[in-house]
There are 2 protein chains.
Amino acid sequence: MNFSFSDKIDGLKPSVIREILKFTSEPGMISLAAGNPAPEAFPAREVQEITADILSKEPVSALQYSVSEGYPRLRETLKQWLSRRYAVGQPYDDLIVVSGAQQGIELSAKVLLNEGDTLLCENPSFIGSLNAFRSYNVRLEGVPMEEDGLNLEALERIAGENPRTKLLYLIPNFQNPSGTTMSLEKRRAALEIAKKHNFIILEDNPYGDLRFEGEHIPAIKSMDTEGRVIYCGSFSKILAPGLRVGYVCAHKELISKITVAKQCSDVHTAILSQMICQRFLDQYDIDGHIAEIQQIYKKKCGLMIGEIEKKFHPSVKITHPQGGLFILATLPQGVDMLAFCQEAVRRHVAVVPGNAFLADESQPCSSFRLNFSTPTDQQIVEGISILGSLTYEMIP
Amino acid sequence: MNFSFSDKIDGLKPSVIREILKFTSEPGMISLAAGNPAPEAFPAREVQEITADILSKEPVSALQYSVSEGYPRLRETLKQWLSRRYAVGQPYDDLIVVSGAQQGIELSAKVLLNEGDTLLCENPSFIGSLNAFRSYNVRLEGVPMEEDGLNLEALERIAGENPRTKLLYLIPNFQNPSGTTMSLEKRRAALEIAKKHNFIILEDNPYGDLRFEGEHIPAIKSMDTEGRVIYCGSFSKILAPGLRVGYVCAHKELISKITVAKQCSDVHTAILSQMICQRFLDQYDIDGHIAEIQQIYKKKCGLMIGEIEKKFHPSVKITHPQGGLFILATLPQGVDMLAFCQEAVRRHVAVVPGNAFLADESQPCSSFRLNFSTPTDQQIVEGISILGSLTYEMIP
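This text gives an overview of the structure that appears in the document. This is a predicted model, so every value here is computed, not measured.

So, the overall build of chain A
Item 1. If you tally the helices and strands in chain A, you get 14 helices and 14 strands.
Item 2. C-alpha extents for chain A along the principal axes are approximately 60 × 55 × 50 Å.
Item 3. In chain A, buried positions account for 65% of the 396 residues.
Item 4. Excluding contacts between residues fewer than 6 apart, the proportion of contacts in chain A whose partners are at least 24 apart in sequence is 78%.
Item 5. Working note: accessible area of chain A is about 13500 Å², and carbon and sulfur atoms make up 50% of it.
Item 6. Of the side-chain charges in chain A, 40 are positive and 48 negative, and the distance between the mean point of each set is 2 Å.

What follows is the structure, given as structure tokens:
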């Protein structure tokens, strides 16, 4: 039979990255395309201990239905953790546990945006979030990026041109895909522009704890005094993504609506996963664990940048992240980026074409995303070497 | 600041049941309001063994990102299980693992329905699903229920009156909240009406394995030859709801769209939860475990009905479920059902007012839902005794 799909879903394609990831499971493929944490950064032994303890002492709590707001002890722990680490959380705020920050982002869009409303985003930005917005028939307007975050003049202009702007989506730290970090000045200015044009900022901070260089820059949420910022965080990069645990901290009126939407979506987040996160935060040396991960990523990022400097054609520009998982490389004008990525895959190195991250994928793009967290050191060296040869072949 | 929410979410209230459940955690409250499996039915020891094994042998698989379609070994196992147990699964079908059947239902609505489209449902029906539909601004049309399922004349008439009908939502086995089971004839007839009016059937079967009396009736999906039926199932009632694992079996074109929507929603279902379900199905005596649960529920249901017959005013009518978790009780005309439920809570017995399950909650309703799976035997006896006294006080 012929199926007729909803307008909002009909045109939506699977994430290019997820499609590439399937492809990269081919033997011999060096994948620099993923966004996975380094497997050696998982606290596997600790999770094993914690889980055995939970299932022997509180099996029914771990297996029974729970409340949509999240495991109460995890919510308390997270509120304290966010306050201590990021000065996030005002008396008017509340917190909900979600099934990964992805769900926090999707539900924020669902509760705030009607079809046809405008959402502003960094251009490029994280495709998973962009697709979540598209799945509600929201109009995406990309704001050009600079080395220190959004171009503010463009933000001001685009917000002015789009009176139905409801939300600005930002990844201020070690952005995906660019790896860049928004400056303190720009964070403050973006909040002022949000006030002026009366839209809400959705601050996504999955990588904030992965800073391996430079000084911490305060979260936009920490500068907010009226509930204009929704803050999303995740255990995916500091503990394990397979658990699917994230959280949203926002004004309690927003959290109350997000909770209703979450009830409709999956009732609550897997409770065993939530209990593992709570125990890990409360009973283990989370700060020490994060410090270890930072060292792993610092080393991997340094290795990749060093190899790029040795092997890439000098006209290829790259970003220099101070944390996170990604580097964005940009080919000189006139070089066909898609052809470059396709030839790279033929030579068994996968990267993600940059247009996948654009608000409008059909726009011209010369960039591709490199991930340094998932590959081994040897794969980084070999992969960059193969890409390097290709830059010399394709750049005149 | 003042928040402006999307039209689809603005009017949505938290599920009455979830709100009552919070309330019922008060000490001394006898809750007959839940829909939780009996805690003694959880295979806690087996989950403990399986989890320890997974986390010692394959910690990285359990903790890393995975594919949106679901853990491949679980998908294979489920396809075989559904085929063997329910004759569900045609060559044109595919299967996706979701975060509980609730997510399967929500995503099915999202991919198929535009705002303003019509969805037909049993009246009464499961509030969690109704709220999921409402969260997409879908028009709900309730079809009256009889002892053996939908009133077919009403279905035919309402479908005819609503040309934008896209979906019919059914819980054919031991329906929530009524406890009734749709007859084979009505299943066949509903599929014919769906063909005639060209809508899709969303068959939700969370309780199908909990039959403790009578003969198995084939799933509507097993009668479908063209992909007109979406089938949703769950591990919540046969293993544990806290894991949040369900599945959708449907035509591969539908599954492909649901997969894209799931990517936007939570990337994938918690992988440790999925691995636990797969191991339990593959390596343990699932049929034996289900037979045990059936005996637990048969005993509890029998106890509750026996007590009702002894203690309730004879003019209160109840359904006699052959499985599942629920009995629906109906007060005689003229008795104020909401006042009855409120007075019951004051006497520390919680039940769910029946109007919570109506497509239009403002319609008059004389029913309330009783759950026999969660309370202990003693709570059933005491709770029904208190409600019984109340029936005599309130029925003239």
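After that view, the rundown keeps rolling.
Brief notes about the relation of the copies chain B and chain A
Item 1. Note on the identical chains: chain B maps onto chain A by a rotation of 180° and an axial translation of 0.0 Å, with an RMSD of 0.0 Å. Such a combination of rotation and displacement between the chain copies is what one expects of a two-fold axis.
Item 2. A shared binding surface is used by both copies, with 100% of the interface residues of chain B retained as interface residues in chain A.

Concerning the pattern of salt bridges
Residues and elements named next belong to chain A.
Item 1. According to the stated counting rule, one finds 63 salt bridges over all chains in the structure shown.
Item 2. Among the salt bridges present, the one from D53 reaches K57, with a minimum N-O distance of 2.7 Å. Note that D53 and K57 are positioned in helix α3 (residues 44-57) at a spacing of four residues, about one turn of the helix.
Item 3. Among the residues examined, D53 registers a relative accessible area of 28% and is labelled partly exposed.
Item 4. Where salt bridges share partners, they join E40, K299, K300 and D377 into one cluster.

What about the nonpolar core?
Item 1. Counting residues in each nonpolar core, the largest one holds 148 residues, and the members touching the most others are A:F368, A:L370, A:L387, B:F368, B:L370 and B:L387.
Item 2. Apart from residues no more than four positions distant in its own chain, B:L370 is found in contact with B:L32, B:M304, B:I308, B:L325, B:F326, B:I327, B:A329, B:V351 and B:L387.
Item 3. If you look at the next biggest cluster of nonpolar residues, it comprises 70 residues, including A:I238, A:I290, B:I54 and B:M275.

Overview of the interface of chain B and chain A
Item 1. Contacts between chain B and chain A engage 80 residues on the former and 80 residues on the latter.
Item 2. Between chain B and chain A, a total of about 6900 Å² is buried, with carbon and sulfur atoms accounting for 60% of that surface.
Item 3. Three residues stand out in chain B for area buried against chain A, namely B:M1, B:L63 and B:Y65, and they jointly supply 11% of the buried area on that side.
Item 4. Remark: the boundary between chain B and chain A carries two salt bridges.

Describing helix α9 (residues 184-197) of chain B
Residues and elements named next belong to chain B.
Item 1. An ideal rise of 1.5 Å per residue puts 20 Å on 14 residues; α9 measures up with 20 Å between its terminal C-alpha atoms.
Item 2. For α9, every residue scored as buried is listed here: K186, R187, A190, L191, I193 and A194. When α9 is viewed along its axis, its buried side chains cluster within an angular range of 160° and face the same direction. Opposite the buried face of α9, at more than 90 degrees from it, the exposed residues are E185 and K196.
Item 3. Residues of α9 that are buried in the fold lie against β4 (139-146), β5 (149-150), α8 (152-161), β6 (165-170), β7 (200-204) and β8 (229-234).

With respect to the sheet that holds β8(B)
Residue and element names in this part refer to chain B.
Item 1. Read from one edge of the open sheet, eight strands run β2-β9-β8-β7-β6-β3-β4-β5, paired in mixed fashion. Single-partner strands in this sheet number two, and they are β2 (93-98) and β5.
Item 2. Its contacts with the sheet place helix α5 (residues 72-86) against β2, β8 and β9 (246-251), and it is angled at close to 120° to β2.
Item 3. Together, β3 (118-123), β4, β5 and β6 form the strand contacts of α8, whose direction differs from that of β4 by roughly 160°.

Focus on the sheet that holds strand β10 (residues 317-318) of chain A
All names here are of chain A.
Item 1. With antiparallel pairing, four strands are arranged side by side in an open sheet as β10-β11-β14-β13. With one partner strand each, in any of the chains shown, β10 and β13 (352-353) form the two edges of the open sheet.
Item 2. Bridging between strand β11 (residues 326-330) and strand β14 (residues 367-371) involves five bridges; their strand directions are antiparallel. Each residue of the ladder has a partner; that of T330, found in β14, is S367.

Brief notes about the environment of B:P177
All names here are of chain B.
Item 1. Note on placement: P177 falls in the loop between β6 and α9.
Item 2. With a relative accessible area of 0%, P177 lands in the buried category.
Item 3. Sequence separation between P177 and T225 is 48 residues; the distance between their C-alpha atoms is 30 Å.
Item 4. Apart from the residues within four sequence positions on either side, P177 is in contact with P124, S125, F326, I327, L328, F357 and R369.

Considerations on the packing of helix α12 (residues 286-311) of chain B against helix α14 (residues 377-394) of chain B
All names here are of chain B.
Item 1. At a minimum axis separation of 9 Å, α12 and α14 run at an interaxial angle of 25°. Comparing their axes, α14 and α12 come out roughly parallel. Taken as a pair, α12 and α14 cross one another with a handedness that is right-handed. Residues K299, K300, L303, M304, E307, I308 and K311 of α12 touch α14, and the partners they reach there are D377, I380, V381, I384, S385, G388, T391 and Y392.
Item 2. Grouping the constituent residues of the contact of α12 with α14 by class yields seven nonpolar, three polar and five charged.

Quick word on the environment of B:F357
Residue and element names in this part refer to chain B.
Item 1. Relative to the assigned elements, F357 resides in the loop between β13 (352-353) and β14 (367-371).
Item 2. A relative accessible area of 0% places F357 in the buried class.
Item 3. The spacing of F357 and I127 is 230 residues in sequence and 5.2 Å in space, taken between C-alpha atoms.

A short note on helix α11 (residues 271-283) of chain A
Item 1. With 13 residues, α11(A) should cover 18 Å at 1.5 Å per step; its first-to-last C-alpha distance of 18 Å lies within 8% of that length.
Item 2. Taken across its 13 residues, α11(A) has eleven buried, putting it largely inside the fold.
Item 3. Among the residues making up α11(A), those that are buried are A:I271, A:L272, A:S273, A:Q274, A:M275, A:I276, A:C277, A:Q278, A:R279, A:F280 and A:L281.
Item 4. Where α11(A) is buried, its residues touch α3, α4 (59-63), α5 (72-86), β2 (93-98) and α12 (286-311) of chain A together with α11 (271-283) of chain B.

Parameters and conventions
- Residues numbered from 1 in each chain as written.
- Chains lettered and ligands numbered in written order.
- Predicted model: local features only at pLDDT ≥ 70, side-chain atom pairs only at ≥ 80, totals over all residues.
- Heavy atoms only, no water.
- Helix = DSSP H or I, 4+ residues; strand = E, 2+ residues; numbered from the N terminus.
- Buried < 20%, exposed > 50% of the residue type's maximum accessible area, 1.4 Å probe, protein only.
- Contact = heavy atoms within 4.5 Å.
- Areas by Shrake-Rupley, 256 points an atom, 1.4 Å probe, with all protein chains shown as cover.
- Lys, Arg positive; Asp, Glu negative; His and termini not counted.
- Charge placed at Lys NZ, Arg CZ, Asp CG, Glu CD.
- Least-squares fit on C-alpha atoms with pLDDT ≥ 70 in both.
- Salt bridge = Lys/Arg side-chain N within 4 Å of Asp/Glu carboxyl O.
- Core = buried A, V, L, I, M, F, W, Y, C linked by side-chain atoms within 4.5 Å.
- Buried area = accessible area lost by both parts, 1.4 Å probe.
- Expected span 1.5 Å × (residues − 1).
- Arc of directions from axis to C-beta.
- Pairing = 2+ DSSP bridges.
- Axes fitted to C-alpha atoms, helices over the stretch in contact; angles between N-to-C directions.
- Parallel < 35°, antiparallel > 145°, perpendicular 65-115°, else oblique.
- Left-handed = near helix turned anticlockwise from the far one by under 90°.
- Nonpolar A, V, L, I, M, F, W, Y, C, P; charged D, E, K, R; others polar.

The quantities given are spatial measurements derived from coordinates; they are silent on function.
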